[in-house]
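# Commentary on secondary and tertiary structure
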2 protein chains.
Amino acid sequence: MKDQPMYIPTLDDMLAARQRIEPHVHRTPVLTSRMLNELSGAELFFKCENLQKAGAFKARGASNAVFGLSDEQAAKGVATHSSGNHGTCLAYAAGRRGVPCTVVMPHTAPQAKKDAVRGYGARVVESEPSTSSREAVFAEVVAETGAEFVHPYNDPRVIAGQGTCSAELIEQVTDLDAVIAPIGGGGMVSGTCLTLSNLAPGIKIYAAEPEQADDAYRSFKAGHIIADDAPQTIADGLKVPLKDLTWHFVSNHVTDILTASEEEIVDAMKLIWKRMKIVMEPSSAVPLATILKNPDVFAGKRVGVIITGGNVDLDKLPWN
Amino acid sequence: MKDQPMYIPTLDDMLAARQRIEPHVHRTPVLTSRMLNELSGAELFFKCENLQKAGAFKARGASNAVFGLSDEQAAKGVATHSSGNHGTCLAYAAGRRGVPCTVVMPHTAPQAKKDAVRGYGARVVESEPSTSSREAVFAEVVAETGAEFVHPYNDPRVIAGQGTCSAELIEQVTDLDAVIAPIGGGGMVSGTCLTLSNLAPGIKIYAAEPEQADDAYRSFKAGHIIADDAPQTIADGLKVPLKDLTWHFVSNHVTDILTASEEEIVDAMKLIWKRMKIVMEPSSAVPLATILKNPDVFAGKRVGVIITGGNVDLDKLPWN
């Protein structure tokens, strides 16, 4: 598998991304809840990327990667390995441009995920669940098609795209003291760092992570990347490790990483569904869970909270 | 129980309501879904009153009633009988003005409904489930407190308040061909008629009703009010009958009333949750259910769809 060169995306890359993807993504609304403000002691502004195209913020990065390709590159298509939102969002963006897209996922992935990718006109190629099988199958796909690999997060085009989310947020809400987003591989957090460190350096950036997949937390404390071996958490978008590019942003610009237990995540998820009337993923509930757990950090502050996605299995809700 | 006089609210009443309630309600967002457009063959614009204060459009009418009271009236408080969103929303509005509110509901009402009313600082007084007990208990409450009765829908102040929803909608979306809303007692539909017949008379108004509680449908076809005896439907906000004031608007301004089965309602509800990532009540799914059932009526049209509320029991979802 080809490594991306370590090019650090800049503010100009984010601004170019914003212009490039504007016809293809929603400017998502910011919602508030008096009750959640009272409960947290903070003023919370929820940036609803669950209402984004294809149901996740990853439509931003994927669209930036796909629409930034030359016609020649685009004709060969794009490819990735993902059984989560990145696969769906890359399929969305490729479908939108009308170019081929292949997503490698383990045959054990949920049927709904495969259907979502195919629903946008992309091809699903199945591998065994192991990393070695996935990499071998993916290498075959690239060799056969010449498709451009778009990594789920460790890719400057993807990070620049994700950075457009907080660029919108600071236009929609003034005088934020902090922004908090869930962290898995670190794509959203890196995009947030890219944008805020340039446009609003006074805003503190927090990352929120499940205790049961706290590799970013431990990396942050240790000062180098620590990768977990197959962590188990209900926040299934957050199991992947940091990589060099996202580590660059996280280690340089994040104020702190906070963690929450599985029970706290489910409670926060249900609270958001109940009070804010939105459908969102367990991963998206981790920030609120950590805010409620750390009232001293956020009390009296104006806090932007990124709701990262809404693709959840309605037949298997964690409180049923 | 005191009847409201048959005063028909006017455009001026709606405009006054809009100014009066503006600090107390959300200008709710309008969401769209490419997939639901493809499925329906229409262009659908969902006006999300599930994201309204207290989780339902009824915050509009209740706020208009409460904030329109003189100080003298307000000091005695407001009262209603409702085990649904009107009770919660009247409690919300009264709490916002800081005046007493009493809601009479059967002791069999869900604990969550009682808690919601009390959560806004109002008093719950329990009756037996029968209409006679409810009326007797309500009469006692009014005699004791001198509170102003705010009917859930057959009240000009309430209808004028509900009319602010479509006033916003036609500012948010241009060139609508039709608007469709669920119909129970007819408060939202009447407010929609009031506003659109004055401000946008070219827009057709449809009402959507469960087959199993189709009294408004049968009234519309018969040309006079027919009240069902205790209809049973999952769309529990839509069990109540039309009254004189709402019948006035429905009979004069509605183009048609369409119905859907319980299964069609649940399917439409799940579809909206899944594709639009919003939490809404079964009642709010009836319009989409009827749109999907009547493609010939809506094909190629730009249709506003009122999502009326989001107060649903997350522990008892109809597909689990």
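All figures in this text were calculated on a predicted structure; none of them were measured in a lab.

### Thoughts on the state of the cysteines
Going through the model one piece at a time under the given rule, you end up with zero disulfides over all chains. In this model Cys89 of chain A remains outside any disulfide bridge; the closest cysteine sulfur is found in Cys101 of chain A, 11 Å from its own.

### Description of the domain arrangement of chain A
Residues and elements named next belong to chain A. According to the domain assignment, chain A consists of domain 1 (11-57 + 155-307) and domain 2 (59-149). Using only C-alpha atoms to locate each centre, domain 1 and domain 2 end up separated by 24 Å. Across the contact, 25 residues belong to domain 1 and 17 residues belong to domain 2. Here domain 1 meets domain 2 over a buried area of about 1,700 Å², counting both sides, of which 51% is carbon and sulfur. It is His24, Ala54 and Arg157 in domain 1 that bury the most area against domain 2; as a group they hold 40% of the surface buried on that side. Counting the contacts that link domain 1 with domain 2 gives three salt bridges. When the shortest N-O distance is used, the salt bridge between Arg157 and Glu148 registers 3.0 Å. Where domain 1 packs against domain 2, one counts 15 residue pairs in polar contact (both at pLDDT 80 or more).

### Re the UniProt feature "domain: Tryptophan synthase beta chain-like PALP" (unreviewed entry) in chain A
This chain's UniProt record puts "domain: Tryptophan synthase beta chain-like PALP" (unreviewed entry) on residues 21-309 of chain A. The distance separating the terminal C-alpha atoms of residues 21-309 of chain A is 18 Å; by composition the span is 48% helix and 17% strand.

### A short note on the packing of helix α12 (residues 262-276) of chain A against helix α13 (residues 282-293) of chain A
Residue and element names in this part refer to chain A. Two elements in contact, α12 and α13, have axes separated by 7 Å at closest approach and are oriented at 100°. The angle between α12 and α13 places the two elements in the roughly perpendicular class. Contacts between α12 and α13 pair Glu264, Ile265, Ala268, Met269, Leu271 and Ile272 from the former with Pro282, Ala285, Val286, Leu288, Ala289, Leu292 and Lys293 from the latter. Across the contact of α12 with α13, the residue classes break down as eleven nonpolar, no polar and two charged.

### Brief notes about the interface of chain B and chain A
In this assembly, 24 residues from chain B lie in contact with 23 residues from chain A. Among the residues chain B hides against chain A, the three largest losses belong to Arg34, Lys277 and Leu314 of chain B. Together they make up 32% of the total. Counting the contacts that link chain B with chain A gives two salt bridges. Put simply, Asp315 of chain B and Lys270 of chain A hold a salt bridge, and the shortest N to O gap is 2.7 Å. On the surface where chain B and chain A come into contact, there are ten residue pairs in polar contact (both at pLDDT 80 or more).

### Quick notes on the pattern of salt bridges
Residues and elements named next belong to chain A. All chains considered together, the criterion is met by 38 salt bridges over all chains. Ionic pairing is found between Arg97 and Asp71, a salt bridge with its closest N-O pair at 2.9 Å. Residue Arg97 is located in helix α5 (residues 85-97), and its partner Asp71 is located in helix α4 (residues 71-76); the two are separated by 26 residues in the primary sequence. Salt-bridge contacts for Glu211 lead to Lys293; the nearest nitrogen and oxygen are separated by 2.8 Å. In this pair, Glu211 sits in the loop between β8 (204-210) and α10 (215-222) while Lys293 sits in helix α13, placing the two residues 82 residues apart along the sequence. Glu211 gets classed as partly exposed once you look at its relative accessible area, which sits at 36%. Linked through salt bridges whose partners overlap, the residues forming this network are Lys47, Glu49, Arg60 and Glu168.

Definitions and limits used
- Residues numbered from 1 in each chain as written.
- Chains lettered and ligands numbered in written order.
- Predicted model: local features only at pLDDT ≥ 70, side-chain atom pairs only at ≥ 80, totals over all residues.
- Heavy atoms only, no water.
- Disulfide = S-S within 2.5 Å.
- Domains from an automatic or database assignment.
- Contact = heavy atoms within 4.5 Å.
- Buried area = accessible area lost by both parts, 1.4 Å probe.
- Salt bridge = Lys/Arg side-chain N within 4 Å of Asp/Glu carboxyl O.
- Polar contact = N/O pair within 3.5 Å; in protein donor to acceptor, adjacent residues only side chain to side chain.
- UniProt positions renumbered as here; feature names shortened; annotations may be inferred.
- Helix = DSSP H or I, 4+ residues; strand = E, 2+ residues; numbered from the N terminus.
- Axes fitted to C-alpha atoms, helices over the stretch in contact; angles between N-to-C directions.
- Parallel < 35°, antiparallel > 145°, perpendicular 65-115°, else oblique.
- Nonpolar A, V, L, I, M, F, W, Y, C, P; charged D, E, K, R; others polar.
- Buried < 20%, exposed > 50% of the residue type's maximum accessible area, 1.4 Å probe, protein only.

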